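Next come the chains, spelled out residue by residue.
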Amino acid sequence: MCNKVLPYFAAGTIVKGFGRGSKALGIPTANFSESVVNTLPDDLNTGIYYGWASLQKQIYKMVASIGWNPYYKNEKKSVEVHLLHKFQDDLYGEELKVIIAGYIRPEKDFSSEEELIKEIKNDIAIAEKRLDEPVTNKLKDHDFLIK
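Attention in this report is confined to the structure presented alongside it. Quantities reported herein were computed from a predicted structural model and do not represent experimental measurements.

Concerning the overall build of the protein chain
Secondary structure assignment for the protein chain yields 5 helices and 6 strands. Counting helices and strands in the order they occur from the N terminus, the protein chain gives β-α-β-α-β-β-β-β-α-α-α. Taking the principal axes of the C-alpha coordinates as reference, the protein chain spans close to 40 × 35 × 30 Å. In the protein chain, of all internal contacts separated by at least 6 residues, the share reaching a separation of at least 24 is 70%.

Here it is, written out as structure tokens:
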């Protein structure tokens, strides 16, 4: 697996994504630019990850999708971060920092949008639990997120 590159640290400005997270799925994402995606290590597998995010000087739990989103048949690799917090406004242009702490599952295709949403909600539940474990919980205090 890809654990030798974890935890992985990334930072960049939030850019407009495909417009599906909030609208179609009800699960908004903060998307990194291609320049951040292009710097990912080659041995960081595509799939669903969990970790910590820093935005506007606040720390949040997060789930991230890294890859091609087979259900939507993307032609460009993306990093889409779902912060486990409800925001009132769009976050475009804001600086986002993430520590990817662990791997949940590989990417996969789904037969319906409902099936995809159910799986994402399961990913979120797994992330919530794993981020409360001492080894990953201590990462929320890392200098990378705070400074």
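Having put the structure on the table, let's press on.
A closer look at the environment of K108
Counting through the fold element by element, K108 comes out in the loop between β6 (95-105) and α3 (113-131). Judged by relative accessible area, which is 38%, K108 ranks as partly exposed. For the pair K108 and P70, spaced 38 residues apart in sequence, the C-alpha separation works out to 6.1 Å. Leaving out residues up to four positions away in the same chain, K108 has contacts with P70 and E119. Here the side chain of K108 touches E119 through a polar contact of 3.3 Å, side chain to side chain.

Observations concerning the sheet that holds strand β5 (residues 78-83)
Reading around the barrel, the 6 strands line up as β1-β2-β5-β4-β3-β6 and close back on themselves, with antiparallel pairing between neighbours. Between one strand and the next, the sheet's axes are offset by a mean angle of 40 degrees, whatever the strand orientation.

Let's talk about the layout of surface pockets
Estimates place the volume of the second largest pocket at around 180 Å³. As for the second largest pocket, its lining consists of 14 residues, of which K16, F18, F32, E34 and S78 are closest to the centre. Broken down by element, the lining of the second largest pocket gets its largest block of residues, 3 residues, from β5. Among the residues making up the lining of the second largest pocket, the classes are represented as 5 nonpolar, 4 polar and 5 charged.

Looking at unusual backbone geometry
Here the amide bond leading from L6 into P7 is cis, since omega sits at 0 degrees, within 30 degrees of zero. Tracing the backbone shows P7 in the segment before β1 (8-15). Residues other than glycine seldom take positive phi values, yet K57 does so here, at roughly 65 degrees. Here K57 is to be found in the loop between β3 (47-55) and β4 (58-67).

Remarks on the pattern of salt bridges
This structure, assessed with the given rule, holds 8 salt bridges. Salt-bridge contacts for K61 lead to D132; the nearest nitrogen and oxygen are separated by 2.8 Å. With K61 in strand β4 and D132 in the loop between α3 and α4 (134-137), this pair connects stretches of sequence that are 71 residues apart. Residue D132 is classed as exposed on the basis of its relative accessible area of 51%.

Some details on the pairing of β1
In terms of strand pairing, β1 meets β6 through 6 bridges, oriented antiparallel. By the bridge assignment for β6, A11 is matched with K97. Inspection of the sheet shows β1 paired to strand β2 (residues 30-32) by 2 bridges, in the antiparallel sense. Each residue of the ladder has a partner; that of I14, found in β2, is F32.

Cut-offs and rules
- Residues numbered from 1 in each chain as written.
- Predicted model: local features only at pLDDT ≥ 70, side-chain atom pairs only at ≥ 80, totals over all residues.
- Heavy atoms only, no water.
- Helix = DSSP H or I, 4+ residues; strand = E, 2+ residues; numbered from the N terminus.
- Contact = heavy atoms within 4.5 Å.
- Buried < 20%, exposed > 50% of the residue type's maximum accessible area, 1.4 Å probe, protein only.
- Polar contact = N/O pair within 3.5 Å; in protein donor to acceptor, adjacent residues only side chain to side chain.
- Pairing = 2+ DSSP bridges.
- Axes fitted to C-alpha atoms, helices over the stretch in contact; angles between N-to-C directions.
- 1 Å grid on protein atoms, 1.4 Å probe; cavity = no way out; pocket = protein on both sides within 12 Å on 5 of 7 lines; lining within 4 Å.
- Points joined across faces, edges and corners; volume = space filled by probe spheres on them.
- Nonpolar A, V, L, I, M, F, W, Y, C, P; charged D, E, K, R; others polar.
- Salt bridge = Lys/Arg side-chain N within 4 Å of Asp/Glu carboxyl O.

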